[in-house]
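Structural characterization, general
Chain by chain, the residues run as shown.
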Amino acid sequence: MAAIFPPIDFEPNPLFESIISDLLVQDYSVVDHFFNEETVLLLRDSLLTHFEEDRFKKAAIGNKTNELVAVGIRGDYILWIDEHVQNTATAAFFSQINTLVTYLNRTCFMGLLHKEFHFALYPPGTGYKRHIDTFQNDDRRKLSIAFYLNEGDWSPTDGGALALYLPEVEGEKTITIEPKAGRMVIFESQKIPHEVLVAHRDRLSITGWLKTS
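Residues numbered from 1 in each chain as written. Predicted model: local features only at pLDDT ≥ 70, side-chain atom pairs only at ≥ 80, totals over all residues. Heavy atoms only, no water.

Remarks on the overall build of the protein
- Counting its secondary structure elements, the protein contains 3 helices and 11 strands.
- Moving toward the C terminus, one meets the helices and strands of the protein in the order α-β-α-β-β-α-β-β-β-β-β-β-β-β.
- Taking all 213 residues of the protein together, 47% fall into the buried category.
- Taking the contacts inside the protein whose residues are at least 6 apart along the sequence as the reference set, 77% of them involve residues at least 24 apart.
- Carbon and sulfur atoms make up 52% of the accessible area of the protein, which totals about 10,900 Å². (Helix = DSSP H or I, 4+ residues; strand = E, 2+ residues; numbered from the N terminus. Buried < 20%, exposed > 50% of the residue type's maximum accessible area, 1.4 Å probe, protein only. Contact = heavy atoms within 4.5 Å. Areas by Shrake-Rupley, 256 points an atom, 1.4 Å probe, with all protein chains shown as cover.)

Next up, the structure:
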């Protein structure tokens, strides 16, 4: 993350400033109220409707030039979200995301130009083994985002936590983040290996990346 040098006439946003501060200090941030409850419900309903319509596909690993379905590594089903084909739910989602992107570019000079997001559903018994969100032939992803849409309360016995592996002077430490409804996790794509631990019930989310080109 670049240092923060806001223009003199720039109105600070406390929520976004908290995210930036976290990224500067620890390379990740966890926010529990990035969207209001109504938007969370709309996004969940949209995900479930598309899934019931059999519009999801088995997720692959790698990028478009080197894509492979590997069930033993990654078990989710996904549906890419087209920002230009919106309903009420996705319009609210992209409105807030675009506001965040504008703020990051104005305060941190990150040069974020593009974004890509998809709905994701992990059935019981599936996860996504440890990996990093950049590729050998493509390092444009700068920030990774996961936003959780799970129904009801989520407990540790439900599995499906996001594990972040953070480097330390000696070895590394593991941070586990429960995928509670309405929670967003944002972290530096090129720095933090992470893993979706095996879920024991359907795990619903939107996952995506903010990119430089």
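Description of the nonpolar core
- The biggest cluster of nonpolar side chains holds 36 residues, and the ones touching the most others in it are F34, I97, F117, L149, I206 and L210.
- Those elements that place two or more of their residues in this core are α1 (14-26), α2 (37-52), α3 (88-108), β4 (114-122), β6 (141-148), β9 (184-188) and β11 (203-211).
- If you tally residues by element for this core, the top one is α3, at 9 residues.
- If you look at the next biggest cluster of nonpolar residues, it comprises 13 residues, including Y122, Y148, L166 and I192. (Core = buried A, V, L, I, M, F, W, Y, C linked by side-chain atoms within 4.5 Å.)

Considering unusual backbone geometry
- We note that D54 has phi near 60°; this positive angle belongs to a residue other than glycine.
- Mapping D54 onto the fold places it in the loop between α2 and β2 (57-58).
- A positive phi is found at F109, a non-glycine position, where the angle reads about 50°.

Focus on the environment of D202
- Tracing the chain through its elements places D202 in the loop between β10 (194-196) and β11.
- Distance from D202 to D76, taken between C-alpha atoms, is 9.9 Å for residues 126 residues apart in sequence.
- Look past the residues within four positions of D202 in its chain and what remains in contact with it is L121, Y122, P123, P124, N150 and W154.

Description of α1
- Taking 1.5 Å as the rise per residue, α1 with 13 residues should run 18 Å; its terminal C-alpha atoms sit 18 Å apart, in good agreement.
- Among the structural elements, β1 (28-31), α3, β6 and β9 are those in contact with the buried residues of α1.
- Where α1 begins, the capping side chain belongs to N13, and its oxygen is found 3.0 Å from the backbone nitrogen of L15. (Expected span 1.5 Å × (residues − 1). Polar contact = N/O pair within 3.5 Å; in protein donor to acceptor, adjacent residues only side chain to side chain.)

Quick word on the packing of aromatic side chains
- The tally for this structure, following the rule as stated, stands at 10 aromatic pairs.
- Each ring, one from F34 and one from F35, has its centre 5.0 Å from the other, and the planes form 85°; the classification is edge-to-face. F35 shares its class with F34; the two are buried.
- Consider the rings of F94 and F117, whose centres lie 6.1 Å apart with planes at 75°: the pair is edge-to-face. Placement of F94 in helix α3 and of F117 in strand β4 is noted, with a sequence separation of 23 residues between them. Here F94 matches F117 in class, with each residue buried.
- Members of the aromatic cluster, each reached through a chain of ring pairs, are F16, F34, F35, F93, F94, Y103, F117 and F147.
- One cation-aromatic arrangement involves K58 over Y77; the distance from NZ or CZ to the ring centre is 5.6 Å. (Phe/Tyr/Trp six-rings, centres within 6.5 Å; stacked < 30°, edge-to-face > 60°. Lys NZ or Arg CZ within 6 Å of the ring centre and 35° of its normal.)

Thoughts on the sheet that holds strand β3 (residues 77-80)
- Strands sit in the order β1-β9-β6-β11-β4-β3-β2 across an open sheet of 7 strands; the sheet is antiparallel. The outermost strands of the open sheet, each flanked by one partner alone, are β1 and β2.
- Note: β2 against β3, 2 bridges, orientation antiparallel. Each residue of the ladder has a partner; that of K57, found in β3, is I78.
- The sheet strands contacting α1 are β1, β6 and β9, and the helix crosses β1 at an angle near 145°.
- Against the sheet, α2 makes contact with β3, β4, β6 and β11, and its axis sits at roughly 70° relative to β4, the strand it touches most. (Pairing = 2+ DSSP bridges. Axes fitted to C-alpha atoms, helices over the stretch in contact; angles between N-to-C directions.)

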